[in-house]
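Descriptive structure summary
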Amino acid sequence: MKAPRSFTRVFAAVVLACFAGAAPAQQPYPGKPIRVLIGFSAGSEIDTIGRLVVQKMGEGLGQQLIVENRLGAGGTLAAGQMASAAPDGYVLLINSVSHAGVQALYPNLPFDTVRDFAGISQLTSAPNVLVVAPSQGIKTAGELIALAKQKPGQVNFGSAGVGSGTHMTLEQFRLATGIQVTHVPYKGVPEVLTDTATGRVNTSFAPIGNTLAMIKDGRLVPLAVSTAVRSPALPDVPTLSETAVPGLDWDQWYGMFAPAKTPRPIVNQLSREVARVLALPEIKERIANRGSTPKPSSPEEFDAFVRAEVAKVGKVIRDGNIRID
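How each quantity is defined
Residues numbered from 1 in each chain as written. Predicted model: local features only at pLDDT ≥ 70, side-chain atom pairs only at ≥ 80, totals over all residues. Heavy atoms only, no water. Helix = DSSP H or I, 4+ residues; strand = E, 2+ residues; numbered from the N terminus. Buried < 20%, exposed > 50% of the residue type's maximum accessible area, 1.4 Å probe, protein only. Contact = heavy atoms within 4.5 Å. Lys, Arg positive; Asp, Glu negative; His and termini not counted. Charge placed at Lys NZ, Arg CZ, Asp CG, Glu CD. Phe/Tyr/Trp six-rings, centres within 6.5 Å; stacked < 30°, edge-to-face > 60°. Lys NZ or Arg CZ within 6 Å of the ring centre and 35° of its normal. Polar contact = N/O pair within 3.5 Å; in protein donor to acceptor, adjacent residues only side chain to side chain. Axes fitted to C-alpha atoms, helices over the stretch in contact; angles between N-to-C directions. Parallel < 35°, antiparallel > 145°, perpendicular 65-115°, else oblique. Nonpolar A, V, L, I, M, F, W, Y, C, P; charged D, E, K, R; others polar. Core = buried A, V, L, I, M, F, W, Y, C linked by side-chain atoms within 4.5 Å. Salt bridge = Lys/Arg side-chain N within 4 Å of Asp/Glu carboxyl O. Pairing = 2+ DSSP bridges. Right-handed = clockwise from strand over helix to strand, strands pointing away. pLDDT = per-residue confidence, 0-100.

1. A look at the overall build of the chain
If you tally the helices and strands in the chain, you get 12 helices and 10 strands. In terms of principal-axis extent, the alpha carbons of the chain reach across some 110 × 40 × 30 Å. When each of the 325 residues of the chain is scored for burial, the buried share is 51%. When contacts within the chain are restricted to residue pairs at least 6 apart in sequence, those whose partners lie at least 24 apart make up 79%. Of the side-chain charges in the chain, 31 are positive and 25 negative, and the distance between the mean point of each set is 7 Å.

In structure tokens:
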């Protein structure tokens, strides 16, 4: 005897409802390790700060954050890989002020530095330090400027690579003073500081955290810092603004990004975690010991900051007629 059709429909609905109720709930984020790409060499300041922050983030999120150094094209290789990754919060990027200039330097990039990135939070801010070897016999930024004007094109300036934050600081300095110098790009900060200390290049700008040990042991002489105020880590070192270039203010910032379409709850969760880590006393102390300042920000604040930096750095690149050969 066949069951009535109405009974069959009711029975099917009950079975479907049971299966639906038995479906597993969506796993909360993060459910697996997170990759964090950094486009600069191990031992650079962005790498040191980045690893310091993500280690503690992993403890708070309950998942490991794995740093991968993906070098190439001024950080654009790492940025491009993250921008094209699935927007699920499992591939992130830590980048620097160089991120703001790559669109102007590389007009054919497969990504847009504003449209294709969701800011999570700024991490830190710090000055770059203008340094020379003791053998150069230069004691002040004014003496360096005078030498460069006396010998146009003969003073060599090292940087961490074309478009890097150290290169952009040099270009701002060059434009403000009118000097002609020869730019010597390296693959990273450790390499340029080694050659600055040995005199293979006359001078360089470098993140303060990378220079402190070499200044302390006498391998480098600090001439000035690039920010508008002196650094507590080098209180006796003047700013460029107060000594040689009135109004110059250039900082080396680092920040964390996700792909643009990453769900907002994930972006906000990561931003809160960054803020929590940067407020930890031990992290604040370690960052301060490197001459940096924690700068946690909301995603909205960081996005607005990056847009302003893109305009600022882009102007320096255009005014300096900086090109990729």
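2. Focus: the packing of aromatic side chains
Evaluated as defined, the whole model comprises 10 aromatic pairs. Through a chain of ring-to-ring contacts, three or more aromatic side chains come together here, namely Phe111, Phe117, Trp253, Phe257, Phe302 and Phe305. For Lys32, the ring lying beneath its charged end belongs to Tyr90, and the centroid distance is 4.8 Å. The lysine or arginine in question, Lys312, covers the ring of Trp250, its NZ or CZ lying 4.5 Å from the ring centre.

3. What to know about the environment of Asp112
For Asp112, the location among the structural elements is in the loop between α4 (102-105) and β4 (117-132). Residues Asp112 and Ala83, 29 residues apart in the sequence, show an inter-C-alpha distance of 8.8 Å. Filtering out sequence-adjacent residues up to four positions away, Asp112 remains in contact with Gln103 and Phe117. A polar contact of 2.8 Å, which involves the side chain of Asp112, links it to the backbone nitrogen of Arg115.

4. Observations regarding the packing of helix α10 (residues 264-278) against helix α12 (residues 299-319)
Their axes nearest at 10 Å, the elements α10 and α12 cross at an angle of 90°. Taken as axis vectors, α10 and α12 run roughly perpendicular relative to one another. Across the interface between the two elements, Arg264, Val267, Asn268 and Ser271 of α10 pack against Pro299, Glu300 and Asp303 of α12. Split into classes, the residues belonging to the contact of α10 with α12 amount to 2 nonpolar, 2 polar and 3 charged.

5. Here we look at the nonpolar core
Counting 45 residues, the largest nonpolar core has Leu93, Leu130, Phe157, Phe173, Leu240 and Phe257 as the members making the most contacts within it. Sorting elements by how many residues they give to this core places α12 first, with 5 residues. Once residues within four sequence positions are removed from consideration, Phe173 is found in contact with Leu130, Ile145, Phe157, Ile179, Phe205, Leu240, Val245 and Leu248.

6. Thoughts on the pattern of salt bridges
Under the counting rule described, the total for this entry stands at 15 salt bridges. Here Glu68 and Arg35 are joined by a salt bridge, their closest N and O atoms 3.0 Å apart. With Glu68 in strand β2 (residues 65-69) and Arg35 in strand β1 (residues 34-38), this residue pair connects regions lying 33 residues apart in the sequence. Residue Lys56 pairs with Glu282 through a salt bridge whose shortest N-O separation is 3.4 Å. In this pair, Lys56 sits in helix α2 (residues 45-61) while Glu282 sits in helix α11 (residues 281-289), placing the two residues 226 residues apart along the sequence. A network of salt bridges, in which partner residues are shared, links Arg35, Glu68 and Arg70.

7. With respect to the environment of Phe157
Counting through the fold element by element, Phe157 comes out in strand β5 (residues 156-159). Under the relative-accessibility criterion, Phe157 is labelled buried at 1%. Distance from Phe157 to Ser204, taken between C-alpha atoms, is 5.2 Å for residues 47 residues apart in sequence. Dropping the residues within four chain positions of it, Phe157 is found in contact with Leu130, Leu144, Leu170, Phe173, Val181, Thr182, His183, Val184, Thr203, Ser204 and Phe205.

8. A closer look at the pairing of strand β6 (residues 182-185)
Regular strands have side chains that alternate between both faces of the sheet. Of the strand pairs in this sheet, β5 and β6 are connected by 4 bridges, and their pairing is parallel. Each bridged residue has a counterpart across the sheet, and for Asn156 the counterpart in β6 is Thr182. In this fold, β5 hands off to helix α6 (residues 165-177), which returns the chain to β6; that crossover is right-handed.

9. Some details on the confidence of the model for the chain
Here the chain averages 91 in pLDDT, while 92% of its residues score no lower than 70. Below a pLDDT of 50 lies the segment residues 1-24, which in the model reaches 1 contact outside its immediate sequence neighbourhood of four places, other chains included.

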